[in-house]
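# Residue-level structure breakdown
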Amino acid sequence: MAQDKDAKSQSPTSIMNDPKKASLPENAHIEVAAGSLTTETGIDDLPISMFVWLVAFTASIAGMLFGYDTGIISAVLVYIHDGLDNRTLTSNEKELITSLCSGGAFFGSILAGLTADKLGRKAAIYFGCALFTIGAVLQGAAYTIAQMAVGRVVVGFGVGSAAMVVPLYIAEVAPAKARGRLIGLNNMSITGGQVTSYAIGAAFANVNHGWRYMVGLGALPALILAALMPFCPESPRHLVYNHRQEEARGVLRRIYGHPSDVQLASVLASISAACDEAREINEGATRWTKMKQLHAVPSNLRALISACGLMVISQLSGFNTLMYYSSTLFALVGFDNPTAVGIVVAGTNFIMTWVNMMVIDKMGRRRLLLSTAWGMSVGLIAIAVAFSFIPVDLDTLDLKSNSVSPPAIVVLVFIIWFVLFYGVSVGNTAWMSTDFFPLEVRAMGTMWITCSSWGSNVIVSSTFLSMMKSMTPSGAFGFYAGICGVGYVLIYFFYPEVSGLSLEEIKEVFKHGFGVRYARNLRKERRDIIQERLRIQGKTAVVGH
């Protein structure tokens, strides 16, 4: 992996302790020194306050809506029958209705990205609540394919807005040592929303016009979120950037529980230094200028490639074929109640999201990815092989027999296997990369991560059934297995470890190539600083005693 020359000649600690020796842009050393100060003052040792968890939980309701509205379509496609235009939908129409949500999410994430800096993170979340509610009503009242399509697009706007702004908001509110877990809480809400959607789908499966209740219920959590958001603070980094220091100080005091004045000052100094530099860079800048900064500045471009690359891998891995078409897929292999079987898959993903949240900060993102992502390819290869023994009519995608055969059981087992490894690795970690970007382009960078997600999502959702027909089910899943294999190699070379680093420290990582080696050294020397402080404190306690 290519690393900049100064990464080899200077250690992270030497940069912190002697900024004059570092070949960094003007003011950049202030951020690193401030980040070091937060370590030396011991603010990382403070327990995570309940306030932070409550704020993250509230914001994550938007994530639950994200999961619900993308997952419920799986049951709707099975039970909608002739509910639109008084006729059964064709495969192409099913792909259209499914992919329109993803397409809407692509543009919704752009809208949220353009407003998050100017109006604030909370305003973008309120905007998403309105879209979720309107979209749910439109879908529930639809009697034509056209109205259903409009409802799916509007809900997609809300999904894209939530997917973009919630990880950004939580990342800027969360203390460094818990950032992975708190963003993971949003990921749990997404997978929890998917589980809920399957459960609602099964509950209303035999109800007359039950699919209308399935989509209409998506409005309820949106209204609850809108009612709770006034009790949540604005991002402290957004407040400092807009010269609202005292408000930011009050928010930080609540975030860190009971920090001393020195500890609070060190965090505020770190954020203020980053905001000062961001203002200097963005002085007179338009949104187009910010977009150019994201692509023209080498460190920003490397962060963009690393973050968006992992997101594309996660979406093109084939998981969304299960989320959108699991009921169709399980009906294809012979299960009588495909929506109920889909709950097993969604439940597995929910559990593994919880596992990811529990271990991500301790184990580290990169190490977790390299330890688990290989299992996705293995599972998909097994599914491809099993499908070669299942008789499927490729013209209609109907099963030629009426029984659940042993190969069908193998498909179910290895779909669960795939979801186990997906949920604990790329499925959730990909959404944590919003912290790769410096403040001046963080909203734009997060917007591109989300666009990468939904752009890839559109490809999967609009082509899966066609791929099953043209390439056979075995060929389709073999294709996804190949993508996962290539993705594993790319993670090894281009995805650095940033767990436990402050947002201001992460900015330095991508100034040293893709920062894999630099980040490893920075984390090691950061641990050494903390251990040395603890050793000195231990000696002081013994002497005092």
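Residues numbered from 1 in each chain as written. Predicted model: local features only at pLDDT ≥ 70, side-chain atom pairs only at ≥ 80, totals over all residues. Heavy atoms only, no water.

## Considering the pattern of salt bridges
As enumerated under the stated definition, the model contains 12 salt bridges in all. Measuring nitrogen to oxygen at the nearest pair gives 3.1 Å for the salt bridge that ties Lys 507 to Glu 277. Placement of the pair is Lys 507 in helix α24 (residues 503–509) and Glu 277 in helix α14 (residues 261–282), with a sequence separation of 230 residues. Three or more residues are tied together by salt bridges with common partners; here these are Arg 121, Glu 172 and Arg 442. (Salt bridge = Lys/Arg side-chain N within 4 Å of Asp/Glu carboxyl O. Helix = DSSP H or I, 4+ residues; strand = E, 2+ residues; numbered from the N terminus.)

## Quick look at the environment of Lys 290
By the secondary structure assignment, Lys 290 is in helix α15 (residues 287–296). The exposure class of Lys 290 is buried, given its relative accessible area of 13%. Contacts of Lys 290, omitting those with residues within four sequence positions, involve Asp 117, Asn 282, Glu 440, Val 441 and Met 444. (Buried < 20%, exposed > 50% of the residue type's maximum accessible area, 1.4 Å probe, protein only. Contact = heavy atoms within 4.5 Å.)

## Some words on the confidence of the model for the protein chain
Model confidence for the protein chain is summarised by a mean pLDDT of 82, while 86% of its residues fall at 70 or above. Note on residues 1–40: pLDDT is under 50 here. Beyond four places in sequence and across chains, it has 83 contacts. (pLDDT = per-residue confidence, 0-100.)

## Points about the side chain of Ser 456
Mapping Ser 456 onto the fold places it in helix α23 (residues 439–494). If we ignore the near neighbours within four places in the chain, the residues touching Ser 456 are Val 312, Gln 315 and Leu 316.

## Regarding helix α20 (residues 374–387)
Taking 1.5 Å per residue as the helical rise, α20 with its 14 residues ought to reach 20 Å, and the 21 Å between its terminal C-alpha atoms agrees with that figure. Burial within α20 is extensive, with 10 of its 14 residues counted as buried. Within α20, the full set of buried residues consists of Gly 375, Met 376, Ser 377, Gly 379, Leu 380, Ala 382, Ile 383, Ala 384, Ala 386 and Phe 387. (Expected span 1.5 Å × (residues − 1).)

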